[in-house]
Amino acid sequence: MEDIRLNKYIAGNSKFSRRDIDEYIIQGRVTVNGVTVTEPGHKIEPENDKICLDGETVKQTSKWVYIAFYKPTKTITSMHDDMGRQTVMDYVNTKYNLFPVGRLDYDTTGLLLLTNDGDFANKLMHPNFKITKTYDVKLSKPLEEKHKQALMKGIMLTGKKTLPCQIKYKHNKNHAVVTITLKEGRNRQVKKMFEKFGYFVQKLHRAKYGNVPIGNLKIGAWRYLETKEINSLKNLINKESTESRENINISEETESKPNKSD
Ligand code: URA
């Protein structure tokens with residue numbers, strides 16, 4: 001295998017983003033064959049070199065795994081919970097070191113992707129790649145057309161304007177049930193957007209991630225993504241990185257990441 005950059009190797013074989021890894025390397029937390037290396041672009045030979053982060057070996061992942069999981073409500077988007085609450089791990093227990101791609105709230109249901117491919121996951125979550133996420137939302141009251149239009153154009157949320165999005169009424173009569181498609185994934189974004197205009201989200205369900213629909217998965221069940229689904233997500237990433245190569249700013253905040261404190 002050819003030499004690769006230290007930060008790229010760790011990104012591809014761990015759950016950390018390239019940006020985090022660059023910081024860890026600069027902070028002196030990474031060793032190559034026992035010697036601290038503080039240069040993210042340092043070239044390594046994956047076959048021969050032993051890479052450690054905080055003393056733990058970063059093993060080369062031999063098989064990439066991509067999973068679609070139907071997250072039930074009352075489940076934490078995390079592989080462990082110190083408080084003993086139900087986690088994704090209680091449903092998806094494989095031999096692979098999987099982690100969730102982004103995060104759904106405790107009470108949100110629907111499609112959660114899991115993988116051991118850190119580079120892929122971090123790109124899907126990065127706002128520059130503008131991967132769409134589609135949610136079915138039940139609101140506390142019918143959504144007025146003027147609020148729908150304002151939300152679609154973008155509103156100020158915690159000091160930053162939301163990207164234009166799509167909102168459709170699900171049924172003609174009951175405008176309290178809508179579908180929203182976002183190209184970003186800030187923390188509790190859907191709830192916060194509707195709350196801005198006095199609507200409370202009573203139910204939130206993710207129906208689609210990029211081109212991958214939840215399909216007929218049963219609640220709590222999971223399946224491997226089909227090759228064509230993996231390729232379609234990779235194509236979305238490649239398309240966006242080709243179109244906006246000059247504009248990619250890897251220091252921007254990524255999609256809200258899984259945590260233990262939901
Ligand atoms: N937006 C939210 O508000 N919550 C989720 O779980 C996902 C998107």
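Remember, it's a predicted structure, so these values are computed and weren't measured experimentally. (Residues numbered from 1 in each chain as written. Predicted model: local features only at pLDDT ≥ 70, side-chain atom pairs only at ≥ 80, totals over all residues. Heavy atoms only, no water.)

## Here we look at the sheet that holds strand E6 (residues 56–57)
Here 4 strands make up an open sheet; going across it, the order is E3-E2-E5-E6 and the pairing antiparallel. The open sheet has two free edges, formed respectively by strand E3 (35–36) and E6, since each of these has just one partner strand. The sheet contact formed by strand E2 (residues 30–32) and E3 spans 2 bridges and is antiparallel. Across the sheet, Thr 31 pairs through a bridge with Thr 36, a residue of E3. (Pairing = 2+ DSSP bridges. Helix = DSSP H or I, 4+ residues; strand = E, 2+ residues; numbered from the N terminus.)

## What about helix H3 (residues 118–125)?
Within H3, 6 of the 8 residues are buried, leaving the element largely enclosed by the surrounding structure. Residues of H3 that are buried: Gly 118, Phe 120, Ala 121, Asn 122, Leu 124 and Met 125. (Buried < 20%, exposed > 50% of the residue type's maximum accessible area, 1.4 Å probe, protein only.)

## Section: the pattern of salt bridges
The full count for this structure, using the stated rule, is 13 salt bridges. A salt bridge links Glu 229 to Arg 223; its shortest N-O distance comes to 2.8 Å. Of the residues examined, Arg 223 reaches a relative accessible area of 23% and is grouped as partly exposed. Glu 226 is paired through a salt bridge with Lys 228; the nearest N and O atoms lie 3.3 Å apart. (Salt bridge = Lys/Arg side-chain N within 4 Å of Asp/Glu carboxyl O.)

## Some thoughts on helix H2 (residues 18–26)
Of all the residues in H2, the buried ones are Ile 21, Asp 22, Tyr 24 and Ile 25. Axial view of H2: buried residues confined to an arc of 165 degrees, hence all on one face. Looking one or two residues beyond H2, the residue adopting positive phi is Gly 28, at roughly 85 degrees. (Arc of directions from axis to C-beta.)

## Details of the pairing of strand E9 (residues 109–115)
Most of E9 is tucked away, with 7 of its 7 residues classed as buried. Strand direction decides the pairing type here: strand E7 (residues 66–71) and E9, joined by 6 bridges, are antiparallel. Its bridge partner lying in E9, Tyr 66 is registered against Thr 115. The pairing of strand E8 (residues 99–100) with E9 spans 2 bridges and is classified as antiparallel. Along E9, the bridge assignment pairs Phe 99 with Thr 115.

## Things to note about the domain arrangement of the chain
Looking at the chain, the domain boundaries give domain 1 (4–57), domain 2 (66–126 + 214–228) and domain 3 (132–209). The distance between the C-alpha centroids of domain 1 and domain 3 comes to 40 Å. (Domains from an automatic or database assignment.)

## Quick word on the packing of aromatic side chains
Overall, the coordinates contain 4 aromatic pairs when judged by the stated rule. For the ring pair Tyr 66 and Phe 120, a centre distance of 4.9 Å and an interplane angle of 75 degrees mean the geometry is edge-to-face. With Tyr 66 in strand E7 and Phe 120 in helix H3, this residue pair connects regions lying 54 residues apart in the sequence. In this arrangement the basic side chain of Arg 29 is found over the ring face of Tyr 24, its NZ or CZ atom lying 4.1 Å from the centre. The residue whose ring lies beneath Lys 141 is Tyr 199, and the NZ or CZ to ring-centre distance is 5.0 Å. (Phe/Tyr/Trp six-rings, centres within 6.5 Å; stacked < 30°, edge-to-face > 60°. Lys NZ or Arg CZ within 6 Å of the ring centre and 35° of its normal.)

## Describing the site of the ligand
Around the ligand, a shell composed of Leu 104, Asp 105, Thr 108, Tyr 135, Arg 188, Gln 189, Val 190, Lys 191 and Leu 204 is seen. Between the ligand and Arg 188 there is a distance of 3.3 Å, counted from an oxygen atom to a backbone nitrogen or oxygen. Between the ligand and the protein, one listed contact pairs a nitrogen atom with a backbone N or O atom of Val 190 at 3.2 Å. Protein chains bury 96% of the 240 Å² of accessible surface belonging to the ligand in isolation. Classifying every residue of the shell around the ligand gives 4 nonpolar, 2 polar and 3 charged. (Near = heavy atom within 4 Å. Polar contact = N/O pair within 3.5 Å; in protein donor to acceptor, adjacent residues only side chain to side chain. Areas by Shrake-Rupley, 256 points an atom, 1.4 Å probe, with all protein chains shown as cover. Nonpolar A, V, L, I, M, F, W, Y, C, P; charged D, E, K, R; others polar.)

## Describing the environment of Lys 234
Of note, Lys 234 is situated in helix H6 (residues 227–243). Sequence-wise, Lys 234 and Pro 213 are 21 residues apart; in three dimensions their C-alpha atoms are separated by 15 Å. Residue contacts for Lys 234: discarding those within four places in its chain leaves Tyr 66, Asp 117 and Phe 120. (Contact = heavy atoms within 4.5 Å.)

## With respect to the environment of Glu 145
Inspection of the secondary structure assignment puts Glu 145 in helix H4 (residues 145–153). A relative accessible area of 40% places Glu 145 in the partly exposed class. Sequence separation between Glu 145 and Ala 68 is 77 residues, and the spatial gap between their C-alpha atoms is 34 Å. At 3.5 Å, the side chain of Glu 145 forms a polar contact with the side chain of Tyr 169.

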